[in-house]
Amino acid sequence: MTITLNPGSVTLRQLEHIWRSGAPVVLDEAARPAIEAAAGLVAKAAAGDVAVYGVNTGFGKLASVRIDPGDTETLQRNLILSHCCGVGETLDAATARLMMALKLVSVGRGASGIRWQTVALLQALLDKGVTPVIPAQGSVGASGDLAPLAHMAATLIGEGEALFDGQRLPARQALERAGLEPVTLGPKEGLGLINGTQFSTAAALAGYFQAMRLLEAAVAVSCLSTDAIMGSTAPLHPAIHALRGHPGQIQVAAAMRQAMQGSEIRESHRDGDTRVQDPYCIRCQPQVTGAALDLLRFAGRSLEIEANAVSDNPLVLLDDGLIVSGGNFHAEPVAFAADQIALALSEVGAIAQRRVALMVDPTLSFDLPPFLTPEPGLNSGLMIAEVTTAALMSENKHLANPCSTDSTPTSANQEDHVSMAAHGARRLGRMGQNLSVIIGVELLCAAQGIEFRAPLKTSPSLARAVAALREQVVTLDQDRFMANDIEAAAALVRQGCVAEAMGLRLSAEEGAR
């Protein structure tokens, strides 16, 4: 079903649906008058004698060079082609389509000067399934995501490459097969298409959507781990978390209390347990993962604002009848949000990895067998799976180092401070993949540990999570090829199946505004 977007009020929920579903996207028709009025103002400026940046001048350091009105089309075409300098792996189709939708939202505000026919072609690409091939490297996050957005814009003029019907084709051929024709860009249109933060924002949003799902899984699986090592639920007492006051912590503790309710394992050691306190990775899960939840919500709200922003340059101010140069293309808000998401991913993984280490260690796991195998010695069980989680945890720690604190001057020092938002956002996909494996291995360990507690039963909620795993991965009785088990468990985590089986849901919106 086609998703209709109202520029200026697009929600995270809508954007996630676009990213996950690949649904066609169109702008609300109410946006058209402002779009056309802005394009009219640009056309008037292009025909005039006053120098207007990007309309009848060169770009960047060449802004002082006047361009003859007869060369307007050539100017815009040359801009696109010269900026198609992206390198590296191709951006995945889902994020590329999200980027295109974000560009629609931005130009739909009526401040970019792009004509309706160009907007209509961009909508048609999304409708017909024509996805520009966009190399993922080449942007420093100011002056906008020039290189990746240029590859997107190139498809509109029949240049570059595009994906269509499962094939990678020359863009002009992809357009023809889809029944579409390339557009000839008018004044400022090339600049309006490539100047903006939509690549960085789309990649950061993709990282955010996955991070929220992984955080839910981390909370769900931590409950399994707590029951597996016969941990205490006393630290989940609501008064403890109310006294701290952080909304994420309160919500995580509440979700854990509900998930563990009715566990025979928990009830079996309420009395006579010689342990006074559990390690921090068990006891402080609400404090750590709850803080990550609050951080993700803050980042999500920043990205929602940016998704609705006009971030190209210059901007058409219809109420004032002006075309004014500014700096909305600088992606510092996106870079900060990406850094915050990276911190959350790293910390959620760090505490999850410690729970894995706890469960495989017989001195800490409260009588579980070494490495969770029934015949330790002959079998190594989950010994090296834990080592894998340690490797990925450490890798994520390195990747979590901030990108927003880096900058380098470009374009002959005209663009002398940049955000580095693009690769700050791109790394989130790799970090999320790493985290899914850490949580997946924790799931394998926790399910194994709970099964060793038989005949005692875990809670009904947690039993459903174990059952969801066992549909894909059987109990580890003897050593076997482990990589497939790990990938199957990680896939369940990425797909949200574990939290869904338990009915555990942490709202992205709560506390975000």
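Bear in mind that the values here come from a model prediction, so they are computed numbers and not experimental data.

**Observations regarding the side chain of T57**
Then step 1. Residue position: T57 is located in the loop between α2 (32-47) and α3 (72-83).
Then step 2. Polar contacts involving the side chain of T57 include one to the main-chain amide nitrogen of G54, which spans 3.0 Å.
Then step 3. Not counting chain neighbours up to four residues away, the residues in contact with T57 comprise A51, V52, A63, V65, R66, I67 and L75.

**With respect to the sheet that holds strand β7 (residues 167-170)**
Then step 1. Taken together, 3 strands build an open sheet; the order of strands is β4-β6-β7 and the sheet is antiparallel. Pairing within the sheet leaves two strands with one partner each, and these edge strands are β4 (131-132) and β7.
Then step 2. Two strands pair when backbone bridges link them, and β4 and strand β6 (residues 161-164) are joined in this way by 2 bridges, in the antiparallel orientation. If you follow P132 over to β6, its bridge partner there is A162.

**A word on the pattern of salt bridges**
Then step 1. A complete count under the given rule lists 16 salt bridges for this structure.
Then step 2. Between R355 and E442 there is a salt bridge, and its shortest N-O distance comes to 2.6 Å. Separated by 87 residues along the polypeptide, R355 in helix α15 (residues 332-360) and E442 in helix α17 (residues 421-452) bring together distant segments of the chain.
Then step 3. Here R355 falls in the buried class, since its relative accessible area comes to 0%.

**Things to note about the packing of α15 against α17**
Then step 1. Packing of α15 against α17 brings their axes to within 9 Å, and their N-to-C directions diverge by 20 degrees. Between α15 and α17, the angle falls in the class roughly parallel. Where α15 crosses over α17, the two elements pack in a sense that is left-handed.
Then step 2. The class makeup of the residues in the contact of α15 with α17 is 20 nonpolar, 5 polar and 4 charged.

The rules we used
- Residues numbered from 1 in each chain as written.
- Predicted model: local features only at pLDDT ≥ 70, side-chain atom pairs only at ≥ 80, totals over all residues.
- Heavy atoms only, no water.
- Helix = DSSP H or I, 4+ residues; strand = E, 2+ residues; numbered from the N terminus.
- Polar contact = N/O pair within 3.5 Å; in protein donor to acceptor, adjacent residues only side chain to side chain.
- Contact = heavy atoms within 4.5 Å.
- Pairing = 2+ DSSP bridges.
- Salt bridge = Lys/Arg side-chain N within 4 Å of Asp/Glu carboxyl O.
- Buried < 20%, exposed > 50% of the residue type's maximum accessible area, 1.4 Å probe, protein only.
- Axes fitted to C-alpha atoms, helices over the stretch in contact; angles between N-to-C directions.
- Parallel < 35°, antiparallel > 145°, perpendicular 65-115°, else oblique.
- Left-handed = near helix turned anticlockwise from the far one by under 90°.
- Nonpolar A, V, L, I, M, F, W, Y, C, P; charged D, E, K, R; others polar.

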